[in-house]
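# Architecture and fold: a report
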Amino acid sequence: MDKTLIIGLYINDFSLLNKITSKIKDKKIKLRHVNDFRVINNEIEVLISKSRIKGCKIPQIQPDNLDILELRIRCELYGCSKLTIGIDPGGINGLSVIGSERILFIDTYKNVEDMATIIRSMNLELGLKAIKIGSGSPPERTRIIDSLKEFSRIIQLVDEQNSGSGSHTEAATRIALRNGTLKPKKDYIPKDGEIVWIQQESRRQSKGLVTINKELAYEILIGQISMEEAIIKYTEKIKLKEY
């Protein structure tokens, strides 16, 4: 955000006020309580209220999912809608939201379903134009695509080759800005080399305790289970054999 943004709070619900305050992490977003919306300081650019106020000339936001409140504020300020999302798949998934040639929102998610919930809220409250997913990390990529089935029409795969290094969110931003020319394969069949790599990765992630079998490695690659779930499942299977 280029400048300090003063946000008015026309809310008397103290529980909601506390929740809103806790969700604002950007130091350039300043909150000011408003007692009467008809007499508002000119420096207030966006008003947050519990319900729509008729006759109010200042742009308004009625919070729904507070996890995307900062995104809602930026979209209201810059007049953004129909956003583009970039996702860097991996053990930690990076997410970046682009609109009006600006980076409006970035975050990371370990749990794919948590990220899918946020994306659904973005579509419901703001609208999405495209969801671009990096072509790397087949297991996580497959899980992400599967969790976002309702958005199949706007999902694109983006080639991550020569994308450089950086954080998960930086990678997600590069993915969002690139042309998505690849369409997700409906019937992905893991290769033998990918299965072996997943088995080796399971040993690394379990710190040498187990190497999962090929069946579980296959399930990871087609997005049925996560690595963590597969390691737990295989460990429990070994314990049962011991008794």
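Our structure's up above, just so we're on the same page.
Counting from 1, residues in each chain are numbered in the order their sequence is written. Where local features are concerned, this predicted model is filtered to residues with pLDDT of at least 70; where side-chain atom pairs are given and counted, the filter is 80 or more; whole-chain, interface and lining totals use all residues. Each side-chain value is worked out from all heavy atoms of the structure, with water and hydrogens disregarded.

Counting buried positions over the 7 residues of strand S6 (residues 93-99) gives 7, a clear majority of the element. Burial along S6 is two-sided: Asn93, Leu95, Val97 and Gly99 facing one way and Gly94, Ser96 and Ile98 facing the other are all buried. When DSSP finds two or more bridges between a pair of strands, those strands are recorded as paired. Only runs of H or I of at least four residues qualify as helices and only runs of E of at least two qualify as strands under DSSP, and these elements are numbered from the N terminus. Of the pairings in the sheet, the one linking strand S5 (residues 83-88) to S6 comprises 5 bridges and is antiparallel in character. Directly across from threonine 84, in S6, lies its bridge partner isoleucine 98. Here S5 hands over to S6 after 4 residues, the two strands then running antiparallel side by side. Under the scheme applied here, a residue whose accessible area is under 20% of the maximum for its type counts as buried, over 50% as exposed, and between as partly exposed, the area being computed with a 1.4 Å probe on protein chains only.

We now examine the sheet that holds strand S2 (residues 29-33). Strand pairing in a sheet is mediated by backbone hydrogen bonds. Such pairs are either parallel or antiparallel. One open sheet holds the 4 strands; their spatial order is S2-S1-S3-S4, and the pairing between them is parallel. In this open sheet, the two strands that pair with only one neighbour each are S2 and strand S4 (60-61). In the sheet, strand S3 (residues 44-49) pairs with S4 via 2 bridges, with the strands oriented parallel. The partner of leucine 47 across the bridge, within S4, is glutamine 60. Working rule for contacts: check all heavy atoms of both residues, and any pair within 4.5 Å makes them a contact. The convention used is that axes are lines fitted to C-alpha atoms, helices contributing only their stretch in contact, and that angles between N-to-C directions extend from 0 to 180 degrees. Contacting strand S1 (5-10), S2 and S3, helix H1 (residues 14-23) runs over the sheet at an angle of about 165° to S2.

As summarised here, the arrangement of the 5 strands in space is S7-S6-S5-S8-S9, forming an open sheet in which the pairing is mixed. Where the open sheet ends on each side, the last strands, each with one partner, are strand S7 (102-109) and strand S9 (155-158). Sheet twist, expressed as the mean angle between neighbouring strand axes with direction ignored, is 20°. Packing of helix H2 (residues 69-78) onto the sheet brings it into contact with S5, S6 and S7, and relative to S7 it is tilted by some 170°. The sheet contacts of helix H3 (residues 112-125) involve S5, S6, S7 and strand S8 (128-134), and relative to S6 the element is tilted by about 10°.

It is worth spelling out the pairing of S8 at this point. Burial within S8 is extensive, with 6 of its 7 residues counted as buried. Pairing between S5 and S8: 5 bridges, direction parallel. Looking at S8, one finds that isoleucine 87 is bridged to isoleucine 133. The pairing of S8 with S9 spans 4 bridges and is parallel. Bridge pairing in S9 links isoleucine 133 to leucine 157. Handedness of the β-α-β unit built from S8, helix H4 (residues 138-147) and S9 comes out right-handed. If the strands point away from the viewer and the path from the first strand over the helix to the second runs clockwise, then the crossover is right-handed.

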